[in-house]
Structures are given as C-alpha cells and as structure tokens.
Amino acid sequence: MTRTGERAVTTRLRMPSWIARIEAPDGQVLGAGVLLARDRVLTAAHVVSPGRRYTVRLVGVRGLDPVPATVHADEHVPQREDSLGSSSGDLALLRLDRPLPDGHATRLHRLAVPYGEVSMYGFPDGDDGGRWHGATLEAPRGRDSQVQLRPLSPGELAAPGFSGGPVVDHATGRVIGIVLSVDEGTPSAFSYMSPTETILSHLPQVAAWTDGAEAVDPRLRTGARAASGALDVRFATELASWFRGEGWPVLVTVVPDRSDRAWTLNRAVTLADRELRTDRNASVFSHDPPETVPPAGAHDLALDVKELTAADVMDRVAARLGIGDDPRPERLGALRVPLAAVLVGVDEAAEPGALLGLLDRLARQGARLLLVFRRQGERADQAAELLVGRPLYDRWVRLHAELDRIVEELGPALDRLRDRVLPGPGSRQLVERAEGGVRRTRMLRAWVAHTPDREREPARVGLLFTFEEAADRRRQRLEQAIGLLDTRLHRREELLGRVSAEWPLCRQRAAEAPGRPGEPMPYGSSEAPGRDKPGDLGRTGPSSPGDRIMEAYQLYEHALALLRHTPCDLERAEAAVNRFITFCSGTAPTSGNPAGTAEDRGTTPAASPPGNRGREAGHPAPGRPAPPDHPARALDHPTPPPDRPASSPDLTPPPPQRTPVRGHPAPGHPAPSPRTPRPGEESPS
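Residues numbered from 1 in each chain as written. Predicted model: local features only at pLDDT ≥ 70, side-chain atom pairs only at ≥ 80, totals over all residues. Heavy atoms only, no water.

S.K.: Run through the overall build of the protein chain, naming residues and quoting values.
M.R.: The helix and strand inventory of the protein chain stands at 13 helices and 20 strands. The 685 residues of the protein chain split such that 47% are buried. In the protein chain, 69% of the contacts between residues at least 6 apart in sequence involve partners at least 24 apart. For the protein chain, the computed accessible surface area is about 33,500 Å², with 51% contributed by carbon and sulfur atoms. (Helix = DSSP H or I, 4+ residues; strand = E, 2+ residues; numbered from the N terminus. Buried < 20%, exposed > 50% of the residue type's maximum accessible area, 1.4 Å probe, protein only. Contact = heavy atoms within 4.5 Å. Areas by Shrake-Rupley, 256 points an atom, 1.4 Å probe, with all protein chains shown as cover.)

If you want it as structure tokens, here you go:
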C-alpha cells in the first residue's frame, strides 16, 4: 500500500506517468528514473554508463512501447569520494532515441531540506511494476549535501532497483530529488537522496526543467577570487563556524557594503549553498584555510532585505519551506528541523521594527539566523540585545535553577528513598550513577556561580551548551532513579497491607478448621488424619492448633521485621511474605523451619536481632508478647498480638496433653486402639 499523502501522487490507484523503468537490452531492470522532457530522463550515474544502450519504459502509461536510450559523457557525473570519505555526484541524464508523446513529463522543484515526510518509487527485485516507500528526511550528509532518508517502517528501506527513482515531498506533491544509494551493511537504517539544488550544481542544464525560488539572492552571490575583495580570515572563520551550527544560533554582525567583509560574506553564502557550490568555485577556494570554508547546504535562504517589508520576508521564507497556502510565522514552529536563514541589510528594510519582531519570533521557535547590518548603530545594538544578550542571560539563569533543583530537591529526595528501601538488582547501577551525578552537580554549581563574565560571551556559548546537556542527563537519571525507588516503596506498603490483612484471616481459618486433639489441622482439608497435607510443615505426626498458630505467627513476625527494617530489602521481604501467605492458605508445604533459613533472613544465627532469638524454637522472644494461643499467651497475656484487630476472635487451644508411657494411657484417658503397622515397619513388641 502506498504510504504517501494524497498530494504525493496523482491518485493511489494510478501511478504518475513520468516514472521511468530503466532496463538493459536483455530486459534486466537496472533502476528507475524521472522523465523531465520528452527525450530526457534523470537517473543515478551508477545505473547507466556512457557508450552503452538502454531501454526506457514508462510503466504508468498503457500501450506505450519502450524507447532505446543512451547517456553522453558530459551528462554523466560518476560518484566520487574525497579524502574524508564524503560522496558526491552519481547523477546522469539519459537521451531517448525518439521523443515520447507530450503530457507525461514532470519538473523538479527547489525546496529547503531536510523537512517532513516523503515517498520514493522504485523497482525492487521481483516487482517490475514498482512500489512506493515512505520515509522522513533526516539531515544532509557530506560536502555534496546528500540527504538521509529514514524509512517509515523497516520494510520500506530503499533496495536495489530504487536508484534514480523520484523522491516526492508530501506537503507539496513535488519531486524534490532522486534516490542515490542505500547504507551498506545489514540491517541498514538509511537511504540517501540528491536534492534538486545538488543536482543543479552538477548538471546545470537541468535548470530548464526546474521550478522554485533559488536559495540565494543574486545580489549576494560571488564568483571567483578575481571578482573583487580579499578574504577576511577572522570573519570568514566566524561565519563558517555559524554555518556549521556551532555557537549561539543568532549571529548579529555589521558588514559595510563594498568592503572586504562584504566580499567574505558573499563568498561564505555562495559556498554554503547546494546549487551554487560547484567543483569550479570549490577548487578556486581550495587553498583557503579549511576553517574558513562552510559546508554545502548550511542555509535554507540568503536574502538581501533592503526595502522589503516583514510580510515580504515571510513570503520568501514560506516559499523556500513549501508553505504556500498559509505563510504564518507560527507554522514554522512545527518544522522538524529549524530554519537557517541569512538576512542582509536588516537596518535598511522597509519596516525595521516589524522585521525585528518577526525575527524574534522565529528565533524563539528555534531558527538559526545570521543578521547583517550595514552600519553600527542603535538598531544593531537593539537586535544584539533582543536576540543574543537577553536570551543568553536567561539560559544561564535557567541553568542555575536546574542545578539548584538537582542539588536541593532531587538529590535529597533520592537520599530519603534510599534510606527507606534498597534498589533492585537491576537498578543499583542507575541509582549509584544518579548519586554520583548529584555530587558532580554540586561542584559544577559552585564553578558556575564564580564563572567570569567573559566565559558567558556568545563566542564561548559552547560551555553553556555543555553544562545544559550534563544537567539534563543528570536530571533525567535522577528522576528515573527516584521513580524506581518510589515504586518499590509503594510495593513495600502493599506487602505490609497484605501481611496485616492476612494475619486475622489466618487465625480465623485455624479456629474454624475441623480437628481434635491428636489430629493434624489441615485448614479446610477433609483428608484422613495422620497424612501429610499442605501447611503441615511436612510432619507425619499429630499437631495441635496451638502449634500451627505458633508457626504462622513466626512467619508473620519474620515478614513484618523484614518489611519494617530500613532500608528494606524488598526481594527478601517479599519472599518472606509469600512464605507466610502460602502457609496460611495451606496451598503448599514450607521447609521445616517456618521462618526460613538464616540466609533467607539475611542474617546468621549469631547476628540475629535480640527480638528474633529463640523464636525458631517455638518460644516468644523476651520482652515481646507471645503469639496468640501459645500456652504462655493464653495464661499470662490476654492482650491480642501486634497488628491484630481488637475484634478478632480468640482461639483457646485445648489443654496440653501429657505424654503417656509406652503401653500406659495418661490418667483420665482411654487406652489407644492398637495401631496397624505401615508397610516396611516392624510390629510393636
């Protein structure tokens, strides 16, 4: 299914007539192309070679025969790589042996990229009819400013057969470039396209079939070095740094007309444009210092605003971004990649005040602006204060507030939680890194508080960005650690509630269970006495209700002790709670020791707390009340045990039985009936 918008193709049921399939003489599909004229097809250079014959077929036009085609050497720009591994070129124009009928060709369109979603068409292996794939434009790559295409889904990555195919912008429905290549390796995340301006820089003749406003005002272009002027190296370095995206996003400078600075500015604007940066002018400036050369595609628009109104400027910006129906400034805030614009002669605009207001709005939405004034004065100072000085000061203030929040709020919150609950096995490293971040932030806050004013100048704004990124990482890590510990603390409260609610229910079930002296108490079971049952601790002999209450109380006290210990080891406490709940419900046997081993309790017998010693032997700890229905409890301690509701029914155990001597019943009791020996047992003597 096509994932383009309605404006990306003519309809979803009929493909455009200008999509060409390029084949070898034997019928093998080599790639795709775009029909720009009746006898010209644009494609990628690696699809075709000069001196060979090819066949071009318009797959969207029924009944049209394929046409033979060739490519001339002067219209074939092979892919090249510079010393840094940056690719360029890979473009070709096919000439058809005979013209095709009118009405099938399309035109390229200049558009600032990368913005928004696009679709590309190609002929992958096994699909000679072709298909659309959706993608988003990510960012320029390399000195040729090829653009990355991220597929909308893993199955929409461009494959062999897409090379030379069209890239259609969803917002405008225009062809804005062609597909070149796919990242090597499996799996791959990106495809690459050559935008219209880059195509024009290599094949200027394509301008005859191109629409859209040019990025650079003709008054701001420069040619070879012989034109006029000398390079201002310091100013050129400052400009190249801004074009590379370094420093504060707004640069306000004064450049008098017809000066070396003006020539240096025009040189930088020309080299930073995709269409104007050619092999010829790049070679002319190849001996200049590398730090003075900006990357291609570094701006979306370079405009001389002399005598232009704010509305005129907004219209030019909207045209470059493909916003034709509603060119309002607020629409720029929805763009995924911020606008990068060079505006020259701001103080000579028809409405300097209104233009400055528009620029302030664009800057707040994230635009990168290079503002050039022709003379030093009040307007230049006002722009520098409004767009650089004040927002830069506000950013430092926000950084101070963020550091204060980390040190004074988030750090103590993490400490309070750590005092109450231990981190889980999978989150200990995160919590430790969060704690370390608080310590480093405390030192950073002290350094920032004593930073000299010169460190806060626009030229040194890199420090601010570095500190902001560090503070943001530490804040996010702290919030994540606090969230994890807070969740564990809530889980601890839930477990406390479960234990407190289960204890009276456990005692009630024991009181209501059928049984008599000498029989096990199976908590609702009707099996024959004397047989092992869930909850009987694996015993084979008789047990009394008092014994079972004692065992349950030991598990109950052990779970409470682990839950109330700070910091709480939640995993160990939850295991103790589960043992207690399981014992009370009678669904599974426990070990011989109802409170668990010393390892389960996290202590050794010698290191057990005084209140726990002796409890495993069935005796209440000194200073603690005996468990309910324990003989000592029934006689000497009529008050309920801890956490037992006052209204809980009491259970009075039967009087303890005297152990009879073999063959003689206890006084007042009848002699037991003869016992039938179990298999494997000897008969009693």
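S.K.: Which residues make up the pattern of salt bridges, and what are the values?
M.R.: One pass over the full model with this rule turns up 33 salt bridges. We note a salt bridge from Arg21 to Glu23, for which the minimum N-O separation is 2.7 Å. The two residues Arg21 and Glu23 agree in class, both being buried. (Salt bridge = Lys/Arg side-chain N within 4 Å of Asp/Glu carboxyl O.)

S.K.: So, the environment of Gln79: which residues are in play, and what are the values?
M.R.: Tracing the backbone through its elements, the reader meets Gln79 in the loop between strand 5 (67-77) and strand 6 (80-81). Of the residues examined, Gln79 reaches a relative accessible area of 41% and is grouped as partly exposed. Along the primary structure Gln79 and Leu180 are separated by 101 residues, whereas in three dimensions their C-alpha atoms are 9.7 Å apart.

S.K.: Help me get a handle on the packing of aromatic side chains, residues and values and all.
M.R.: The geometry of an aromatic ring pair comes down to the distance between the two centres and the angle between the two planes. Tallied over the entire structure, the rule returns eleven aromatic pairs. Ring geometry for Tyr121 and Trp132: centres 4.9 Å apart, planes at 75 degrees, overall edge-to-face. A residue pair is termed long-range when its members are at least 10 positions apart, and Tyr121 in strand 10 (residues 117-122) and Trp132 in strand 11 (residues 131-141) qualify at eleven residues. Where Trp503 meets Phe580, the ring centres are 6.5 Å apart and the plane angle is 35 degrees; that geometry is what we call tilted. (Phe/Tyr/Trp six-rings, centres within 6.5 Å; stacked < 30°, edge-to-face > 60°.)

S.K.: If you had to explain the pairing of strand 2 (residues 29-37) to someone new, which residues and values would you point to?
M.R.: Within strand 2, seven of the nine residues are buried, leaving the element largely enclosed by the surrounding structure. As paired elements, strand 1 (residues 19-23) and strand 2 share five bridges and run antiparallel to each other. By the bridge assignment for strand 2, Arg21 is matched with Ala32. Between the antiparallel neighbours strand 1 and strand 2 lie five residues, among them Gly27 with a positive phi of about 95 degrees. With three bridges connecting them, strand 2 and strand 3 (residues 40-43) associate as antiparallel partners. Following the sheet pairing, Leu35 is matched in strand 3 by Val41. As consecutive antiparallel partners, strand 2 and strand 3 are separated by two residues. (Pairing = 2+ DSSP bridges.)

S.K.: Before we move on, can you summarise a positive patch on the surface with the specific residues and values?
M.R.: A surface patch of positive charge is lined by Arg433, Arg439, Arg440 and Arg442. Along the chain, the position of Arg433 falls in helix 8 (residues 428-449). (Patch = residues over 30% accessible without salt bridge, like charges linked within 9 Å, V, L, I, M, F, W, Y side chains within 5 Å. Lys, Arg positive; Asp, Glu negative; His and termini not counted. Charge placed at Lys NZ, Arg CZ, Asp CG, Glu CD.)

S.K.: Before we move on, could you go through the sheet that holds strand 1 and cite the residues and values that matter?
M.R.: The sheet built from six strands closes into a barrel, its strands ordered 1-2-3-8-5-4 with antiparallel pairing. Between one strand axis and the next, the sheet turns through 40 degrees on average, direction left out of account. (Axes fitted to C-alpha atoms, helices over the stretch in contact; angles between N-to-C directions.)

S.K.: For the side chain of Ser194, give the residues involved together with the corresponding values.
M.R.: Within the element layout of this structure, Ser194 appears in strand 15 (residues 191-195). You can call Ser194 buried: its relative accessible area is 1%.

S.K.: Residues and numbers for the sheet that holds strand 18 (residues 301-304), please.
M.R.: Strand order across the open sheet formed by four strands is 17-20-19-18, with parallel pairing between neighbours. Both outer strands of the open sheet, strand 17 (250-254) and strand 18, are each paired with one neighbouring strand and no more. The sheet shows a mean angle of 10 degrees between the axes of neighbouring strands, taken without regard to direction. Of the pairings in the sheet, the one linking strand 17 to strand 20 (residues 368-373) comprises five bridges and is parallel in character. Note that in strand 20 the partner of Thr253 across the bridge is Val372.

S.K.: Explain the packing of helix 7 (residues 378-420) against helix 8 residue by residue, including any values.
M.R.: With their axes 9 Å apart at the nearest point, helix 7 and helix 8 run at an angle of 145 degrees to one another. Between helix 7 and helix 8 the crossing geometry is left-handed. Mapping the contact onto sequence places Trp396, His400, Leu403, Asp404, Ile406, Val407, Glu408, Gly411, Leu414, Asp415 and Arg418 in helix 7 and Val431, Ala434, Glu435, Val438, Thr441, Arg442, Leu444, Arg445, Val448 and Ala449 in helix 8. (Left-handed = near helix turned anticlockwise from the far one by under 90°.)

S.K.: Account for the nonpolar core, with residues named and values stated.
M.R.: Residues Val305, Leu343, Val346, Leu355, Leu359, Leu371 and Leu414 are the most contacted members of the largest nonpolar core, which totals 57 residues. Among the elements that take part in this core, helix 7 stands out by supplying 13 residues, more than any other. Excluding residues that lie within four positions of it along the chain, Leu359 makes contacts with Leu343, Val346, Leu369, Leu371 and Leu387. (Core = buried A, V, L, I, M, F, W, Y, C linked by side-chain atoms within 4.5 Å.)

S.K.: Describe the environment of Leu137, listing the residues and the values that go with them.
M.R.: Looking at where Leu137 falls in the secondary structure, it is placed in strand 11. In this structure Leu137 comes out as buried when scored by relative accessible area, which is 0%.

S.K.: So, unusual backbone geometry: which residues are in play, and what are the values?
M.R.: Cis geometry is adopted by the peptide bond preceding Pro567, which originates at Thr566 and carries an omega value of -5 degrees. Turning to its location among the elements, Pro567 is positioned in the loop between helix 10 (545-564) and helix 11 (570-585). Despite not being glycine, Asp90 has its phi angle at roughly 65 degrees, a positive value. Mapped onto the secondary structure, Asp90 falls in the loop between strand 7 (87-88) and strand 8 (91-96). Relative accessible area serves as the criterion here: at 1%, Asp90 is assigned to the buried category. In this structure, Glu307 is a non-glycine residue whose phi angle is positive, near 65 degrees. With respect to the helices, strands and loops of the structure, Glu307 is situated in the loop between strand 18 and helix 5 (310-321).

S.K.: Got a sec to walk through the confidence of the model for the protein chain? Specific residues and values, please.
M.R.: Taken over all residues, the pLDDT of the protein chain has a mean of 77, while the share at 70 or more is 71%. Note on residues 516-542: pLDDT under 50 across the span, and 54 contacts to partners over four residues away in sequence or across chains. With pLDDT under 50 throughout, residues 587-592 is counted as low confidence; its partners more than four residues away or in other chains account for eleven contacts. (pLDDT = per-residue confidence, 0-100.)

S.K.: Tell me about helix 6 (residues 352-364), and name the residues and values.
M.R.: Taking 1.5 Å of rise per residue, 13 residues should cover 18 Å, and helix 6 covers 18 Å from first to last C-alpha, within 8% of that figure. Those residues of helix 6 that fall on the buried side of the exposure criterion are Pro352, Leu355, Leu356, Leu358, Leu359, Asp360 and Leu362. Elements that come into contact with the buried residues of helix 6 comprise helix 5, strand 19 (340-344), strand 20 and helix 7. With its phi angle positive at about 100 degrees, Gly366 sits one or two positions after the end of helix 6. (Expected span 1.5 Å × (residues − 1).)

S.K.: Quick one: what's the story with the packing of helix 6 against helix 7, residue by residue and with numbers?
M.R.: At a minimum axis separation of 11 Å, helix 6 and helix 7 run at an interaxial angle of 20 degrees. Classified by the angle their axes make, helix 6 and helix 7 are roughly parallel. Helix-helix and strand crossings are classified by hand; for helix 6 and helix 7 the assignment is right-handed. Every residue of helix 7 that contacts helix 6 at Pro352, Gly353, Leu356, Leu359, Asp360 and Ala363 is listed here: Arg379, Gln382, Ala383, Leu386 and Leu387. (Parallel < 35°, antiparallel > 145°, perpendicular 65-115°, else oblique.)

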